[in-house]
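Here is what each chain is made of, one letter per residue.
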Amino acid sequence: MDRRKSLKSILLGGVASGLAVHGCNPKPESAPEESVLTPKYNYGRTPKEAELIAELLEETFFNAHEMETIAVLCGLILPSTEELKGALDVQVPEFIEFMVKDIPEYQPTLRGGLMWLDHKSNSDFNNQFISLTGEQQKQLLDTIAYPNMDMPEIERPLEIQFFSLMRNLTLTGYYTSKEGIEELGYKGNSPNVWDGVPQDVLEQHGVSYDEEWLAKCVDQSKRAVKAEWDDAGNLLT
Amino acid sequence: MQIIEESKTYDVIIVGSGAGGGMATKILSEAGLKVAVVEAGPFFDPADPEQMTQLKWPYESPRRGASTIRPFGDFDTAYGGWEIEGEPYTNTDNTDFKWFRSRMLGGRTNHWGRISLRFGPKDFKRKNYDGLGDNWPIGYEDVKPYYDKVDKLIGVFGTNEGLPNDPDGFFLPPPKPRLHELFYIKGARKSNVPVYPSRMSMLTKKINDERGVCFYCGQCSRACQVYADFSSGSCLIFPAQKNGGQVDLFVNCMVREVTTNEEGEATGVSYINKEDRREYKLKGKIVVLAASACSSARILLNSKSKQHPNGLGNSSDIVGKYLHDSTGSNLMGFVPELMNRKTYNEDGVGGMHVYSPWWLENEKLDFPRGYHIEMWGGLGMPSYGFGFNPNDLNKYFGLKVGGYGNDLRKDVKKYYGSVIGMAGRGESVAQKENSCELDPTKVDEFGIPILKFNYQWTDHEIKQVKHMQDTFEEIIHNMGGHVIGEKAGKEQNYGILAPGEIIHEVGTTRMGDDKKTSVVNSHQQLHDAKNVFVVDAGPFVSQADKNPTWTILALSWRTSDYIVEQLKQQNI
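Just so we're clear, the structure is a prediction, and the values are computed from it rather than from any experiment. (Residues numbered from 1 in each chain as written. Chains lettered and ligands numbered in written order. Predicted model: local features only at pLDDT ≥ 70, side-chain atom pairs only at ≥ 80, totals over all residues.)

Regarding the overall build of chain B
(1) Moving on: Along chain B, the regular secondary structure elements total nine helices and 18 strands.
(2) Moving on: Computed over C-alpha atoms, the radius of gyration of chain B comes to 24 Å, within 12% of the 25 Å expected from 2.2 N^0.38 for 572 residues, which places it in the range of a compact globule.
(3) Moving on: Expressed as lengths along the three principal axes of its C-alpha atoms, the size of chain B is roughly 75 × 55 × 45 Å.
(4) Moving on: Among the 572 residues that make up chain B, the fraction classed as buried is 62%.
(5) Moving on: A sequence separation of at least 24 residues applies to 72% of the contacts in chain B between residues at least 6 apart. (Helix = DSSP H or I, 4+ residues; strand = E, 2+ residues; numbered from the N terminus. Rg over C-alpha atoms; globule rule 2.2 N^0.38 Å. Buried ≥ 20, exposed ≤ 12 C-beta atoms within 10 Å, placed from the backbone. Contact = placed C-beta atoms within 7 Å.)

Focus on the overall build of chain A
(1) Moving on: Across its full length, chain A carries ten helices and zero strands.
(2) Moving on: For chain A, the N- to C-terminal ordering of α and β elements is α-α-α-α-α-α-α-α-α-α.
(3) Moving on: Across the 237 residues that make up chain A, the buried fraction comes to 27%.
(4) Moving on: Of the contacts formed within chain A by residues at least 6 apart in sequence, a portion of 45% connects residues at least 24 apart.

Thoughts on the environment of B:H353
Residues and elements named next belong to chain B.
(1) Moving on: Within the secondary structure, H353 sits in the loop between β11 (327-334) and β12 (354-355).
(2) Moving on: Expressed as a C-alpha distance, the spacing of H353 and L365, which sit twelve residues apart in the sequence, is 29 Å.
(3) Moving on: Once you skip the residues sitting within four places of it in the chain, H353 turns out to touch P174, P175, K176, P177, R178, E181, P197, S198 and G348.

What about the environment of A:F162?
Residue and element names in this part refer to chain A.
(1) Moving on: Topologically, F162 is positioned in helix α7 (residues 158-175).
(2) Moving on: With 46 residues separating them in the primary sequence, F162 and W116 have C-alpha atoms 9.4 Å apart.
(3) Moving on: When neighbours within four sequence positions are excluded, F162 is seen to be in contact with T109, L110, G113 and W116.

Considering the UniProt feature "domain: Glucose-methanol-choline oxidoreductase N-terminal" (unreviewed entry) in chain B
(1) Moving on: Look at the UniProt record and you will see "domain: Glucose-methanol-choline oxidoreductase N-terminal" (unreviewed entry) annotated at residues 205-325 of chain B.
(2) Moving on: Taken end to end, residues 205-325 of chain B is 17% helix and 26% strand, and its two terminal C-alpha atoms sit 32 Å from one another. (UniProt positions renumbered as here; feature names shortened; annotations may be inferred.)

Looking at the confidence of the model for chain A
(1) Moving on: Averaged over all residues, the pLDDT of chain A equals 88, while 84% of them reach at least 70.
(2) Moving on: Confidence drops under pLDDT 50 across residues 1-35 of chain A; counting only partners more than four residues distant or on other chains, this segment forms 52 contacts. (pLDDT = per-residue confidence, 0-100.)

A word on helix α4 (residues 179-190) of chain B
(1) Moving on: An ideal rise of 1.5 Å per residue puts 16 Å on twelve residues; α4(B) measures up with 17 Å between its terminal C-alpha atoms.
(2) Moving on: When you tally the buried positions in α4(B), you get nine out of twelve residues, the bulk of the element.
(3) Moving on: Burial in α4(B) covers these residues: B:L179, B:H180, B:E181, B:L182, B:F183, B:Y184, B:I185, B:G187 and B:A188.
(4) Moving on: Those residues of α4(B) that are buried are in contact with α9 (199-205) of chain A together with β12, β13 (371-376), β14 (419-426) and α8 (459-478) of chain B.
(5) Moving on: Among the residues trailing α4(B), B:N192 stands out with phi positive, at a value near 60°. (Expected span 1.5 Å × (residues − 1).)

Focus on the packing of helix α1 (residues 19-30) of chain B against helix α5 (residues 232-242) of chain B
Residues and elements named next belong to chain B.
(1) Moving on: Two numbers describe how α1 lies on α5: the axes approach to 8 Å, and their chain directions differ by 20°. The angle between the axes of α1 and α5 places the two elements in the roughly parallel class. Between α1 and α5 lies a crossing of left-handed hand. Contacts from A19, G21, G22, M23, T25, K26, S29 and E30 of α1 reach α5 at S232, L236, I237, P239 and A240.
(2) Moving on: Of the residues that constitute the contact of α1 with α5, the class distribution is six nonpolar, five polar and two charged. (Axes fitted to C-alpha atoms, helices over the stretch in contact; angles between N-to-C directions. Parallel < 35°, antiparallel > 145°, perpendicular 65-115°, else oblique. Left-handed = near helix turned anticlockwise from the far one by under 90°. Nonpolar A, V, L, I, M, F, W, Y, C, P; charged D, E, K, R; others polar.)

A few points about the nonpolar core
(1) Moving on: Within the largest apolar cluster, 199 residues are counted, with the highest numbers of intra-cluster contacts made by B:I13, B:I14, B:V15, B:V38, B:V288 and B:L289.
(2) Moving on: Take this core: its biggest share by element is eight residues, from α7(A).
(3) Moving on: Aside from chain neighbours lying at most four places away, what touches B:L289 is B:V15, B:S296, B:I299, B:V532, B:F533, B:V534 and B:D536. (Core = buried A, V, L, I, M, F, W, Y, C linked by C-beta atoms within 7 Å.)

Side note on the UniProt feature "domain: FAD-dependent oxidoreductase 2 FAD-binding" (unreviewed entry) in chain B
(1) Moving on: Here, UniProt's "domain: FAD-dependent oxidoreductase 2 FAD-binding" (unreviewed entry) annotation points to residues 11-43 of chain B.
(2) Moving on: A distance of 22 Å separates the end C-alpha atoms of residues 11-43 of chain B, which is 36% helix and 27% strand.

Section: the interface of chain A and chain B
(1) Moving on: Tallying the contact residues gives 84 residues for chain A and 94 residues for chain B.
(2) Moving on: Secondary structure elements with two or more residues in the side of chain A that touches chain B: α1 (3-11), α2 (47-58), α3 (64-77), α4 (92-102), α7, α8 (178-184), α9 and α10 (211-216) of chain A.
(3) Moving on: Here the element with the most residues in the side of chain A that touches chain B is α7(A); it accounts for six residues.
(4) Moving on: Residue composition of the side of chain A that touches chain B, by class: 50 nonpolar, 20 polar and 14 charged.

Topic: the sheet that holds β13(B)
Residue and element names in this part refer to chain B.
(1) Moving on: Strand order in this open sheet of four strands is β13-β14-β11-β17, and the pairing throughout is antiparallel. Single-partner strands in this sheet number two, and they are β13 and β17 (482-483).
(2) Moving on: Taken together, the two bridges between β11 and β17 define a ladder with antiparallel strand orientation. Its bridge partner lying in β17, F334 is registered against H482. (Pairing = 2+ DSSP bridges.)

Remarks on the pairing of strand β16 (residues 449-454) of chain B
Residue and element names in this part refer to chain B.
(1) Moving on: Bridge analysis of strand β4 (residues 90-91) against β16 gives two bridges, and the strand direction is parallel. Across the sheet, the residue bridging to T90 is K452, located in β16.
(2) Moving on: For strand β15 (residues 435-443) and β16, the ladder comprises six bridges, and the chain directions are antiparallel. Bridged to S435 within β16 is N454.
(3) Moving on: What sits between β15 and β16 in their antiparallel hairpin is a turn of five residues, with G447 showing a positive phi close to 80°.

Points about the sheet that holds β15(B)
Residues and elements named next belong to chain B.
(1) Moving on: With mixed pairing, three strands are arranged side by side in an open sheet as β4-β16-β15. Single-partner strands in this sheet number two, and they are β4 and β15.
(2) Moving on: Against the sheet, helix α6 (residues 293-302) engages β15 and β16, with an angle of about 60° to β15.

Given below as structure tokens:
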């Protein structure tokens, strides 16, 4: 039994489905072009949305050298460790390639920033960025990785904006991946029954529940009992 | 091209399938009437796996949930937004109204916040208190029985607190507060801002055999596959069909106008079938508009005839006038005591477990009307944007911001769950000049003349929002936190959001006893055509510091009962 079906039978015991719909083409004749979405991206899309994703996946924005440079940057921003995966283990460069097509406003900053990076590498070390030693790469990044927080972001030099954007995309790409979510410790997105903050967490943060407030809250042992009220709106069940 | 006319005549044609249209569909079809529902978007059922986004992971979207296409993120269940390709609108010079539309069965009810607040007695009679705007021709006592019925039919959690203007109801028990909500309660109370369990339409407890009970994934904005939250399709239209109602759904059908006869009464509607792009006519004895406040106004204004040269229902020239949205502003805070959190599943319901209804008396304030406070925070599921500026909060500790390498992991974890936000949603005073009208220079891709908006906030709203911002700042401090970013100042009108951004637009076909100053009577029946009704938020005279949906539902039910009764008496 798949997760969705078991969820339904546990929580619902039969759901309204296959209802008769009349009138003018209530449902598109063909399912919204499932084939254009890879199984990896299988989520509810309108046909137009699915087409757009397929188009974006088809297009190529960064050339091979740019992709190589992005990969080196991703590796420096979030390297793997003995225990933990890094940005390169979860295809962050591919994600960045998608985003730069999805949000074209990023293009000048990223492409221009990559050019700046090689220019600077050549001037300082007489080599392109990806061919520098790790030490040299870090030496260069140290000049652009620490923005002046007193200055609004849009007024900062392009190379600073570029690195901030690279860092943002790398981290968001990592922490929205399966491995990143696991590392973060996010525990939700699954059926459960919320029954309040665990006692040890309350203690750690020095707060507690009011008895009066708790008395109003749902008694989860009776969630499956049908609600009934008296005429004054007092819940009886 | 010839217009194609259907031979069947319906008892009722309902335009739109959101909250108002769904309720009318249920009540009218269950009374035995033959009903056609005409919806501009496609069929949608939250239980259909092909269209489902609930319980998906961010990596199941190539953009990881970014809001590039859907304004509330890639997993949100609204097909549409403030901008829809092929369906433009315009604004008069120097004004900026944003019009959100969701084109799908169930409309915006598939993704909305489910904040389900009754209006209170004062909300129907605000002019009596501050002399501004107009009173409704009906009062709380007229709507109360319907609010009660809506509570029981649809299900809403909350608590009976005996508050004077936030009435008690028939509530399901609320969920326990989350950690950041306990901090909010503490901070708000220090500021003498009361906090109560929120009132939202998710089933924390079973109400019938057809719908599931909430399983706390926190994703109501994605529409619930077990129907544990309120969406018009899952809670009204499908049950109406299942109960044997004669309901024909016309989806992807964009209504152009209401057709009328020599006597000026409605004979049905004409619509464009989006799939073949041809115009059709449907015949009906009664037309119920539920297309949303601005869409219904647009349909009426486009329904010009010899009998209604200024548009149907518009002899008063009031259709489209008095458009008003909630006021809104937001502020975020960083609460150091919420750092370094142990993680556990605190998704809860899709939205806040606690809120603050309006708590002050306006006599002592420099603005009329009030607002309620919504709040957010917690250990949410990462989505596009998570991890951006991973250690900006270092600045509160005098630490360096930026960098790269594995230290960033520690920063991300340290600050996870330590940021909270507050949002105020308040009542604006309806202004006649704030309006939508037809823009004669443009049509949409279906050839239908589009709307032009003209909307400006007044000092009332700007002063109210300043009060919101000051209150939020004080509460954040009382939570032991820091305001993130600069609080908006006078030159930015204290951060008031553009009208339309709160998506509570109401008032365009307002209700009244005088046909010279209103569009519909107290039964939401056009003064100018007795077989046309409006059951969305168009008839609202004022919008209260409450979200409009619960009142749309109650009034739609009340109007539907009236239609059934009038048909029995052969008055329409």
